[in-house]
Structures are given as C-alpha cells and as structure tokens.
Amino acid sequence: MSFTNIKTILPESLKRHGIKNQVDEKRIIAKFEEVKDVMFEKRDAEQIKAVYVKWGTLSVACLSETVVELLRAKEHELIDIINKELGTGLVKGLYYLT
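My aim in this report is to walk through the structure given alongside it, one point at a time. (Residues numbered from 1 in each chain as written. Predicted model: local features only at pLDDT ≥ 70, side-chain atom pairs only at ≥ 80, totals over all residues. Heavy atoms only, no water.)

### With respect to the packing of aromatic side chains
Stated formally: Stacked, edge-to-face and tilted are the three classes for Phe, Tyr and Trp ring pairs, Trp counted by its six-membered ring, which pair at centre distances within 6.5 Å; planes under 30 degrees apart are stacked, over 60 edge-to-face, the rest tilted. Whether a charge sits over a ring comes down to the Lys NZ or Arg CZ being within 6 Å of the ring centre and within 35 degrees of the ring normal.
Overall, the coordinates contain zero aromatic pairs when judged by the stated rule. A cation over an aromatic ring shows up here: Lys-74 above the ring of Phe-40, its NZ or CZ 5.3 Å from the ring centre.

Here it is as structure tokens:
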C-alpha cells in the first residue's frame, strides 16, 4: 500500500471545502509577524500589526507615520520573503492603516 503525500492532498481539500483563502490569510499574517520581528527593531516592530488580507493586499496597522516610512522602505523585501516561503503571488502589496 502506498501513501499519498499530505502536501498534495491538503491544498486540494482546502479548496474543495472553501477555506483555502482563510488558511492562506492566517499563514500570511503569521509569516508577516515573524518577518517583521526580524527586520525591525523591537520598538518599531511593536508598532506594526498585520490585520487582514484581501485580494492579495495585506493591510497593516501602524501607530506612527515614522514606522510607515520604515515599512515602506522594506516593503518589497518583506513581500518577497513571504511569497518565497508561502507561495508565489499570495501577497501583491501592502495597505497602510494609520
């Protein structure tokens, strides 16, 4: 008896049950939180929070304009890391909530 790899079954099952987008959103938010803690100083990282994902845009709440500028400077690098680890094209851009 041969086993089928779960990596091939799970994405299809998620899509079939209509929860793929919700699972992707949670994965994106978790990865963003992980990456921002590494990319930014603790003081700045505490002022940034991923809120939700809609149509490939990750909405991010920031407590100050200074932090928004820091985030904008590293936006492409951050998106590249998320897409590389979770799947190409999941995140297309960031939307800043201040």
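### Structural notes on the environment of Ala-61
Let me state the cut-off plainly: Secondary structure elements are taken from DSSP: a helix is a run of H or I of four residues or more, a strand is a run of E of two residues or more, and numbering for both begins at the N terminus. Pairs of residues are marked as contacts when any of their non-hydrogen atoms sit within 4.5 Å.
Tracing the backbone shows Ala-61 in strand β2 (residues 57-62). Taking the C-alpha atoms as reference, Ala-61 lies 4.5 Å from Leu-97; in sequence the two are 36 residues apart. Once residues lying within four places of it in the same chain are set aside, the contact partners of Ala-61 are Gln-47, Ile-48, Lys-49, Val-51 and Leu-97.

### Here we look at unusual backbone geometry
Applicable threshold: Note on classification: 1.4 Å probe, protein chains only; a residue is buried when its accessible area is under 20% of the maximum for its type, exposed when over 50%, partly exposed between these limits.
Residues other than glycine seldom take positive phi values, yet Trp-55 does so here, at roughly 50 degrees. Relative to the helices and strands, Trp-55 is located in the loop between β1 (48-54) and β2. Among the residues examined, Trp-55 registers a relative accessible area of 76% and is labelled exposed.

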